[in-house]
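Here is what each chain is made of, one letter per residue.
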Amino acid sequence: MKVAMTDLSAEYALLEPELLPAVRTALASGQYVQGPTVQAFEREVAQYLGVRHAIGVASGTDALMLALKAAGVTTGDEVITTPFSFIATASAIAMTGATPVFVDIDPLTFNLDPANVEAAITARTRAVLPVHLYGQAADLEPLLAACARHGLRLIEDCAQAMGADYKGRKVGSWGHAGCLSFYPSKTLGAFGDGGMVVTDDDALATRVRMLANHGSATRYRHEMLGCNSRLDALQAAVLRVKLLHLDEFNRRRRDHARRYREVLAGMQLQLPVETGFGTHVYHQFTIASDERERIRAALAQQGIASAVHYPIPLHRQPLWQDAYAGVHLPRAEEAAQRVLSLPMSPLLKPEQIEAVGRAVAAVLGARECAHARSM
Ligand SMILES: Cc1ncc(COP(=O)(O)O)c(C=O)c1O
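The paragraphs below set out a description of the structure included in this document.

What follows deals with the packing of helix H3 (residues 60-70) against helix H4 (residues 87-95). It is the contact of H3 with H4, at a shortest axis distance of 9 Å, that shows an interaxial angle of 40 degrees. With respect to H4, the axis of H3 lies oblique. As for the relative orientation of H3 and H4, their crossing is right-handed in sense. Only Ala88, Thr89, Ala92, Ile93 and Met95 of H4 make contact with H3, whose side of the interface consists of Gly60, Thr61, Leu64, Met65 and Leu68.

Now the structure itself:
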């Protein structure tokens, strides 16, 4: 039984009757960049998250970079973040001219450990940028408290966690700004690239909108150095339809996670740990094991996909090899050796989860037998 990491064609097939009319309307409108469809989607996301402003941009990476710039982060500043994320979290910081300062993670959730943040604050620190990794909120309250004590901005990287909440409020609504990615495989995915900055801060929202539109609020009048980073009407049309299904799809992800726990119960591996202070939406179902490579090989042999998020912590990426040569973050370094994401998508089938379970058991079960024999 072949099992892919996600099945975007199946999702499309399911939603096609709703998507095609929406796309046709957007195409017929003649307005393909910004315009009423994008504005409607921005209003709907703002309402869904409970924030005042939502600004559509070209990608999650741009959302991070523009939010940081709009928050005043610039050359010479430092931004504290996690070393265990996709590169965009830290490259967005570097693109503003600021320096990413990596602090180690919580070994159970793989999210930034708030206990490590205060010691990393210097006179140059401007912001803290936690990532809600794999679809679970980072522990925001202690981070917000540290930011309040030191006059820092908190920017949330929600690229993997659209729809997740923390203590009853959606992620993205806690910090000065939240940054979303609509990359196709995300919990709210477009049919191409897209992203969004959400915020309650009127001035920050205005700056993001201007920065993303050539530094301009009025046509051909440019007040700051900006770029072109806008959401297409076609993507907004698709995303409006998919937003209506987001909660149901995230519920399905949680159901699949429950089933994974059943089929993997009792095996020598670390299952995803739910913190209990929010709803994990399982963008990824990521286990950890010292036998990762053997598990990967066994899955591949059965035609089952798996992925490592992420094999190289950010402070060990070749582009920063020299800059962080003296920095040791043992938990992130160990996680990079042990984590393994299993197939996960709303339309995953129970028999596919069972096939994954059997393939993992074939590796870990065999090891237990060998161990028993040697006793
Ligand atoms: C944690 C994280 N941050 C940022 C991004 C960047 O988003 P995008 O691909 O839309 O630029 C991604 C994913 O791609 C991500 O997983």
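Inspection of the secondary structure puts Ser306 in the loop between helix H9 (292-301) and helix H10 (330-338). Given 22 C-beta atoms within a 10 Å radius, Ser306 is considered buried. Linking Ser306 and Ile295, residues 11 residues apart in sequence, is a C-alpha distance of 9.3 Å.

To continue, consider the packing of helix H2 (residues 36-49) against helix H7 (residues 233-243). Angle between the axes and distance between the axes are the two parameters that describe a pair of packed helices. Packing of H2 against H7 leaves a shortest axis separation of 8 Å and a crossing angle of 35 degrees. When the axes of H2 and H7 are compared, the crossing they make is left-handed. Of the residues in H7, those touching H2 at Thr37, Val38, Ala40, Phe41, Glu44, Val45 and Tyr48 are Ala233, Ala236, Ala237, Leu239, Arg240 and Leu243. Taken together, the residues of the contact of H2 with H7 sort by class into 10 nonpolar, one polar and two charged.

Right, let's get into the site of the ligand. Around the ligand there are 15 residues in total, and Ser59, Gly60, Thr61, Ala159 and Ser181 lie nearest to it. Counting residues per element, the ones that place at least two in the shell around the ligand are H3 and H4. Residues of the shell around the ligand, tallied by class, amount to five nonpolar, eight polar and two charged.

Turning to H9, its buried residues number three or more, namely Ile295, Ala298 and Leu299. Here the buried residues of H9 occupy an arc of 100 degrees about the axis, which is enough to place them on one side. Within H9, the exposed residues directed more than 90 degrees away from the buried face are Ala300 and Gln301. Note on H9: the residue one or two positions beyond its end, Gly303, has a positive phi of about 80 degrees.

Once that is clear, we can look at the sheet that holds strand E3 (residues 99-102). The strands making up a sheet associate through backbone hydrogen bonding, with each pair oriented either parallel or antiparallel. Pairing in this open sheet of seven strands is mixed, and the strands run E1-E9-E8-E5-E4-E2-E3 from one edge to the other. Looking at which strands have only one partner, the edges of the open sheet turn out to be strand E1 (53-57) and E3. This sheet shows a mean twist of 25 degrees between the axes of neighbouring strands, independent of strand direction. Relative to E3, strand E2 (residues 78-81) is paired through four bridges, and the arrangement is parallel. Across the sheet, the residue bridging to Glu78 is Thr99, located in E3. Helix-sheet contacts for helix H5 (residues 140-150) involve strand E4 (125-129) and strand E5 (153-157), and the interaxial angle to E5 is about 150 degrees.

Cut-off values and rules
- Residues numbered from 1 in each chain as written.
- Predicted model: local features only at pLDDT ≥ 70, side-chain atom pairs only at ≥ 80, totals over all residues.
- Axes fitted to C-alpha atoms, helices over the stretch in contact; angles between N-to-C directions.
- Helix = DSSP H or I, 4+ residues; strand = E, 2+ residues; numbered from the N terminus.
- Parallel < 35°, antiparallel > 145°, perpendicular 65-115°, else oblique.
- Left-handed = near helix turned anticlockwise from the far one by under 90°.
- Contact = placed C-beta atoms within 7 Å.
- Buried ≥ 20, exposed ≤ 12 C-beta atoms within 10 Å, placed from the backbone.
- Nonpolar A, V, L, I, M, F, W, Y, C, P; charged D, E, K, R; others polar.
- Near = placed C-beta within 6 Å.
- Arc of directions from axis to C-beta.
- Pairing = 2+ DSSP bridges.

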